[in-house]
Amino acid sequence: MTVTLEVSDNVGTIRLDRPPMNALDVAVQDRLRELAEEAGRRDDVRAVILYGGEKVFAAGADIKEMQAMDHTAMVVRSRALQESFTAVARIPKPVVAAVTGYALGGGCELALCADFRIAAHDAKLGQPEILLGLIPGAGGTQRLARLVGPSKAKDLIFTGRQVKAEEALAIGLVDRVVPAAEVYEQAHAWAARLARGPALALRAAKESVDAGLETDIDTGLTIERNWFAGLFATEDRERGMRSFVEEGPGKAKFV
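Residue numbering note: each chain is counted from 1, following its sequence as written. In keeping with the model being predicted, local features are shown solely for residues with a pLDDT of at least 70 and side-chain atom pairs are shown and tallied solely at 80 or more, while totals for entire chains, interfaces and linings include all residues. Side-chain measures were taken over the full set of non-hydrogen atoms in the model, leaving aside hydrogen atoms and water.

### Concerning the packing of helix H5 (residues 140-148) against helix H6 (residues 150-159)
Helix axes are fitted only over the stretch in contact, all axes being lines through C-alpha atoms; the angle between N-to-C directions runs from 0 to 180 degrees. In this text, helices come from DSSP runs of H or I with a minimum length of four residues, and strands from runs of E with a minimum of two, each type numbered from the N-terminal end. The geometry of H5 relative to H6 is characterised by a closest axis approach of 7 Å and an angle of 135 degrees between their N-to-C directions. Taken together, the axes of H5 and H6 are oblique relative to one another. In this structure, H5 crosses over H6, and the sense of that crossing is right-handed. Contacts between H5 and H6 pair Gly-140, Thr-141, Leu-144, Ala-145 and Val-148 from the former with Pro-150, Lys-152, Ala-153, Leu-156 and Ile-157 from the latter. Under this scheme an angle from 65 to 115 degrees is roughly perpendicular, one under 35 degrees roughly parallel, and one over 145 degrees roughly antiparallel; angles in between are oblique. Crossing handedness: left-handed means the near helix sits turned counterclockwise from the far one by under a right angle, and right-handed means the same turn made clockwise. Contact criterion: two residues are considered in contact whenever any of their non-hydrogen atoms come within 4.5 Å of each other.

Here's what the structure looks like:
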């Protein structure tokens, strides 16, 4: 399989495995959607890692496959492409991208679907579609602008240039830069820590932030308020507050 889901200690790793560069062809895109939806459903998956292996995250779309498509074919395919990435972005659990080597084009867009991005010190990210006479088509014009701001996003999209890890960190495109050998280990540590947390509260936090960013602040506050009040019906809330009162902060065991 070109994409797999492996689960260990309540952490699910969605692993791209299409050597040499993890090109995101139609089969990979469709499989990503299937596994994202599966990870969202499974009770034994409490957090998710996106990973392409030690050498490369994903260097973009399969250009040879794309070159063979005409306008009519891409009108049909572009929706499925976006839906595959949106399925990753909507996994109702914490998601971290472990970025090694190149994350370009669709690879960068896939990393943008995560909640947190850990990059190798020698990683390079970018949206080079303009060099093909195109624009990003898997969410890059939207998620990148929301993450780093419109002017920085336009710089990367207009020029198609690649960004080294340190610049990516400086502009907020990634959240942590570590030695290449430690990328997956640190991503797993981040995910495992959250996998021990209160699943419904984490889901509520993610949905409140993500949905709130797409609307006005009053509607966002309503989303937050409804989730906040709703969590008072959960066993995790009871456990968390009881533990805080009896033992102090940070000692609750959630179910």
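From this point, the discussion proceeds with the structure in view.
### With respect to the sheet that holds strand E1 (residues 3-8)
Read across the sheet, six strands follow the order E1-E2-E3-E4-E6-E9 without closing on themselves; strand pairing throughout is mixed. In this open sheet, the two edge strands, each paired with only one partner strand, are E1 and strand E9 (176-178). Averaged over all pairs of adjacent strands, the angle between strand axes in this sheet comes to 20 degrees, irrespective of strand direction. A pair of strands is treated as paired once DSSP finds two or more bridges between them. When strand E2 (residues 11-16) meets strand E3 (residues 47-51), the two strands line up parallel, connected through five bridges. Counterpart to Ile-14 in the pairing with E3 is Leu-50. On top of the sheet, helix H1 (residues 26-41) reaches E1, E2 and E3; it is set at about 25 degrees to E1, its chief contact.

### Quick look at the packing of helix H9 (residues 199-213) against helix H10 (residues 217-230)
Running from amino to carboxyl end, H9 crosses H10 at an angle of 170 degrees, the nearest separation of the two axes being 9 Å. On the basis of the axis angle, H9 is roughly antiparallel to H10. The segment H9 lies against H10, with Leu-200, Arg-203, Ala-204, Glu-207, Ser-208, Ala-211 and Gly-212 engaging Gly-220, Ile-223, Glu-224 and Trp-227. In the scheme used here, Gly and all other residues not listed as nonpolar or charged are polar, with Ala, Val, Leu, Ile, Met, Phe, Trp, Tyr, Cys and Pro taken as nonpolar and Asp, Glu, Lys and Arg as charged. For the contact of H9 with H10, the per-class residue count stands at five nonpolar, three polar and three charged.

### With respect to the pattern of salt bridges
The salt bridge definition used is simple: a Lys or Arg side-chain nitrogen within 4 Å of an Asp or Glu carboxyl oxygen. Enumeration over the complete set of coordinates arrives at 14 salt bridges. Between Arg-77 and Asp-30 there is a salt bridge whose closest N-O contact spans 2.8 Å. Of the two residues, Arg-77 sits in helix H3 (residues 71-89) while Asp-30 sits in helix H1, which places them 47 residues apart along the sequence. Under the scheme applied here, a residue whose accessible area is under 20% of the maximum for its type counts as buried, over 50% as exposed, and between as partly exposed, the area being computed with a 1.4 Å probe on protein chains only. Residue Arg-77 is classed as buried on the basis of its relative accessible area of 14%. Glu-34 is the partner of Arg-31 in a salt bridge, and the nearest nitrogen-oxygen pair spans 3.0 Å. Placement of both Arg-31 and Glu-34 in helix H1 is noted, with a separation of three residues, approximately one turn of the helix. Three or more residues joined by partner-sharing salt bridges are found here, namely Arg-18, Asp-25 and Asp-62.

### Observations regarding the environment of Ala-168
Within the secondary structure, Ala-168 is located in helix H7 (residues 165-171). Linking Ala-168 and Lys-93, residues 75 residues apart in sequence, is a C-alpha distance of 24 Å. Among all residues touching Ala-168, those that are not within four sequence positions of it are Leu-125, Val-163, Leu-173 and Val-174.

In short, geometric facts, not functional conclusions.
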